[in-house]
Amino acid sequence: MQHIMSIPALRDRIDAILRRAGMNDIQARALATVITAGERDACKSHGIYRIEGVLRTLKAGKVNGNAHPMLHPGEGPIVRVDACGGFSSPAFEMGLPVLVDRARRLGLAAMVVNDCTHFSALWPEVEAVTEHGLAALVMCPSYASVAPAGGNRPLLGTNPLAFGWPRPDRAPYVFDFATSVAARGEIELHRRAGKPLPEGWAVDAEGRPTTDPGAALAGAMLPFGGHKGSAIGTMIELLAGAMIGDLTSPEALAHLGTTTLAPMHGELVLAFSPEAFAAGRPGNPFARAEALFDAITGQGARLPSERRFAARAKAEARGIELTEAEAAQLQRFLDLGLDAVG
Ligand code: NDP
Ligand code: PYC
């Protein structure tokens with residue numbers, strides 16, 4: 001049997017679960033918002049399935065559910081927010097208005113989030129920036145789980161990269177993907193569903209190709225596009241790890257000691273003002289972007305995020321569909337708090 005919940009009702013339920021687990025208002029609300037958004041947009045790998053990992057990470061004492069993020073003082077293009085050992089989302093929320101203001105004034109600004117536990121998709125943050133008429137590029141490491149191209153052992157993270165371009169009066173152009181063939185969350189969902197992986201996603205602990213999700217989780221995932229994804233994943237380790245003074249994926253794994261909890265590291269959010277970059281040059285950047293998007297869709301191709309936006313429209317009209325098992329699990333988390341997880 002399916003359970004239908006409105007978007008606010010699901011967010012309130014998740015919020016209540018997280019508070020019951022001991023989290024403060026800002027941490028619980030921000031997490032409930034991104035997890036609900038994942039479910040609303042049919043991004044199951046970063047929806048309610050992530051609650052269990054959040055609770056386990058809290059119970060293990062590896063994240064501070066009562067953290068209050070802190071904005072560093074300063075006026076330059078780098079906006080630094082210390083998540084203070086809490087989750088990334090409330091720190092991002094705190095830095096966003098400052099990032100937007102600086103990007104508008106300077107043309108380009110960067111938000112650095114340090115010392116955050118990070119488990120979420122990046123598109124909610126990209127969309128939060130494009131809502132202000134700015135283009136956005138967001139990236140972060142995770143923990144060592146991907147072999148570099150030509151290697152066979154976990155080293156890089158699944159390192160997501162997301163980009164957004166604002167479109168006047170329309171949903172933005174957004175892509176958001178892991179730099180591994182698929183997000184690790186997808187492998188875990190295949191394991192839970194008892195489904196084999198597509199070929200080419202992973203190798204086992206001996207470095208042999210595998211379609212067994214359990215063997216893949218114990219082995220290494222593969223980068224998307226061979227050496228190209230491997231290089232982009234490495235760039236993310238450098239820019240959103242070493243450069244911002246935070247943990248790279250191998251360091252994050254060494255710090256946490258396991259891939260069964262959510263990793264702690266940093267995040268980099270870049271915001272660009274298209275008007276500022278285009279100033280003095282011919283053409284309106286937004287109109288030129290629309291011509292490009294029209295040419296893409298004119299060939300019958302779809303734009304990234306169209307599937308997500310369609311799912312969002314459906315959820316806004318009809319609510320979010322949960323399976324009976326998912327609804328029961330939410331109730332269990334609410335009833336038992338941290339006792340619900342091992
Ligand atoms: P997918 O491969 O499912 O999708 C990647 C992007 O490509 C999406 O924007 C998607 O849009 C778009 N897309 C998919 N198919 C097409 C198509 N045929 N034509 C045009 N565009 C298409 O994503 P991943 O599995 O790689 O990643 C899923 C999520 O996992 C991301 O949100 C990412 O941020 C998150 N993640 C988070 C990590 C973390 O450390 N926090 C680590 C790794 C991943 P659409 O959604 O509309 O299909
Ligand atoms: O799905 O690869 C993933 C992931 C890692 C950390 C958060 N999500």
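Please refer to the structure higher up on the page.
Counting restarts for each chain: residues are numbered from 1 in the order of the written sequence. Numbering of ligands from 1 and lettering of chains from A proceed in the order in which they are written. Local features are withheld for residues below a pLDDT of 70 in this predicted model, meaning they are given only at 70 or higher, and side-chain atom pairs are given and counted only at 80 or more; totals for whole chains, interfaces and linings count all residues. Note that the side-chain values use all heavy atoms of the structure and ignore hydrogens as well as water.

Time to look at the sheet that holds strand β2 (residues 70-71). Two strands are counted as paired when DSSP detects at least two bridges linking them. Numbering of helices and strands runs from the N terminus, with a helix taken as a DSSP run of H or I at least four residues long and a strand as a DSSP run of E at least two residues long. Ordered in space as β2-β3-β4-β11-β5-β6-β7, the seven strands form an open sheet in which the pairing is mixed. Each of the sheet's edge strands pairs with one partner strand only, and the pair in question is β2 and β7 (170-177). Bridging between strand β4 (residues 108-117) and strand β11 (residues 264-272) involves eight bridges; their strand directions are antiparallel. Of the residues in β11, the one forming a bridge with A110 is L270.

Definition of nearness: a residue and a molecule or strand are near each other if at least one heavy atom of the residue lies within 4 Å of the molecule or strand. Around ligand 2, the structure places H46, R50, F119, T158, A183, R184 and G185. Under the rule applied, a polar contact is a pair of N or O atoms within 3.5 Å (in protein, one hydrogen donor and one hydrogen acceptor; residues adjacent in sequence only if both atoms are side-chain atoms). One of the side-chain nitrogen or oxygen atoms of T158 is found 2.7 Å away from an oxygen atom of ligand 2. Surface exposure here means Shrake-Rupley accessible area, sampled with a 1.4 Å probe, where a residue is shielded only by the protein chains that are shown. If ligand 2 stood free it would expose 240 Å²; the protein chains cover 92% of that surface. Residues are grouped as follows: Ala, Val, Leu, Ile, Met, Phe, Trp, Tyr, Cys and Pro are nonpolar; Asp, Glu, Lys and Arg are charged; every other residue, Gly included, is polar. Residue composition of the shell around ligand 2, grouped by class: two nonpolar, three polar and two charged.

A few words on the pattern of salt bridges. Each salt bridge in this description consists of a side-chain nitrogen of Lys or Arg and a carboxyl oxygen of Asp or Glu lying within 4 Å of one another. By the definition in use, this model includes 20 salt bridges. For R312, the salt bridge is made with D41, and the minimal N-O distance between the two is 2.7 Å. Of this pair, R312 sits in helix α12 (residues 306-318) while D41 sits in the loop between α2 (25-40) and α3 (49-59), placing them 271 residues apart in sequence. In the salt-bridge network here, residues are joined through shared partners; they are D12, D15, R19, D25 and R29.

We now examine the site of ligand 1. In the vicinity of ligand 1 lie 21 residues, with H46, S120, D176, A178 and R307 positioned nearest. Between ligand 1 and H118 there is a distance of 3.1 Å, counted from a nitrogen atom to a side-chain nitrogen or oxygen. Between ligand 1 and R307 there is a distance of 2.8 Å, counted from an oxygen atom to a side-chain nitrogen or oxygen. Alone, ligand 1 offers 920 Å² of accessible surface; in the complex the protein occludes 74% of this.

Our next topic: the sheet that holds strand β8 (residues 202-203). One open sheet holds the three strands; their spatial order is β9-β8-β10, and the pairing between them is antiparallel. The open sheet has two free edges, formed respectively by β9 (209-210) and β10 (220-221), since each of these has just one partner strand. Examined bridge by bridge, β8 and β9 share two bridges and lie antiparallel to one another. Within the sheet, the bridge partner assigned to A202 lies in β9 and is T210.

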